[in-house]
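The primary structure of each chain is shown beneath.
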Amino acid sequence: MVEKKKDSSMEMSRRSVLVQGALCATGVATVLAANVETAKAALPQSSVAYRATPNGDKECDNCQFFKAPDACEKVAGKISPKGYCILWHKKA
Ligand code: SF4
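In this report, the structure presented in the accompanying data block is examined. The shown structure was predicted, so the numbers you read here are calculated from the model rather than taken from an experiment.

### A word on the pattern of salt bridges
Here is step 1 of the chain: Scanning the entire structure with this criterion turns up 2 salt bridges.
Here is step 2 of the chain: Note that Lys82 and Glu59 form a salt bridge whose closest N and O atoms lie 3.0 Å from each other. Placement of the pair is Lys82 in the segment after strand E2 (71-72) and Glu59 in the loop between helix H1 (8-40) and strand E1 (66-67), with a sequence separation of 23 residues.
Here is step 3 of the chain: According to the relative accessible area criterion, Lys82 is partly exposed, its value standing at 44%.
Here is step 4 of the chain: Taking the relative accessible area as the measure of exposure, Glu59 reaches 14% and is therefore buried.
Here is step 5 of the chain: For Lys67, the salt bridge identified is with Glu73, shortest N-O distance 3.0 Å.

### With respect to the nonpolar core
Here is step 1 of the chain: Counting 10 residues, the largest nonpolar core is built from Val48, Tyr50, Cys60, Cys63, Phe65, Phe66, Cys72, Val75, Ile79 and Cys85.
Here is step 2 of the chain: Setting aside anything within four residues of it in sequence, one finds Cys85 in contact with Val48, Ala49, Tyr50 and Val75.

### Re unusual backbone geometry
Here is step 1 of the chain: The residue after Ala68, namely Pro69, is reached through a cis peptide bond having omega 10°.
Here is step 2 of the chain: With respect to the helices, strands and loops of the structure, Pro69 is situated in the loop between E1 and E2.
Here is step 3 of the chain: One non-glycine residue, Ala49, lies in the positive phi region at around 55°.
Here is step 4 of the chain: Within the fold, Ala49 resides in the loop between H1 and E1.
Here is step 5 of the chain: For Ala49, a relative accessible area of 43% puts it in the partly exposed group.

### Here we look at the environment of His89
Here is step 1 of the chain: In this fold, His89 is placed in the segment after E2.
Here is step 2 of the chain: Distance from His89 to Phe65, taken between C-alpha atoms, is 7.5 Å for residues 24 residues apart in sequence.
Here is step 3 of the chain: Every residue in contact with His89, bar those within four places of it in the chain, is listed here: Asn62, Cys63, Gln64 and Phe65.

### A short note on the environment of Cys85
Here is step 1 of the chain: Following the sequence through the fold, Cys85 ends up in the segment after E2.
Here is step 2 of the chain: With relative accessibility at 10%, the residue Cys85 sits in the buried group.
Here is step 3 of the chain: Between the C-alpha atom of Cys85 and that of Cys63, which follows or precedes it by 22 residues, the distance is 9.8 Å.

Rules and cut-offs
Residues numbered from 1 in each chain as written. Predicted model: local features only at pLDDT ≥ 70, side-chain atom pairs only at ≥ 80, totals over all residues. Heavy atoms only, no water. Salt bridge = Lys/Arg side-chain N within 4 Å of Asp/Glu carboxyl O. Helix = DSSP H or I, 4+ residues; strand = E, 2+ residues; numbered from the N terminus. Buried < 20%, exposed > 50% of the residue type's maximum accessible area, 1.4 Å probe, protein only. Core = buried A, V, L, I, M, F, W, Y, C linked by side-chain atoms within 4.5 Å. Contact = heavy atoms within 4.5 Å.

The following block contains the structure:
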């Protein structure tokens, strides 16, 4: 019976590819996690034309993103219940 001799350089190459693949996957996972965190980060008030006064009957207090008493899921900083921004969406 002829036993096939493993080529050590081939084995190293395979191992190297596996290690590099694992490192690459780790890097991709890290980048994706960073992107998710960035996506979750609140926007600056100036970028959404936030103001501390309502727009007619549209105000933070009746917006689905408002988090009482003074925060917002989408916008950074202290948010007035009587404020408004372009992201306003009627609370369900
Ligand atoms: S209108 Fe809605 S999205 Fe905009 S700051 Fe107020 S609660 Fe946040």
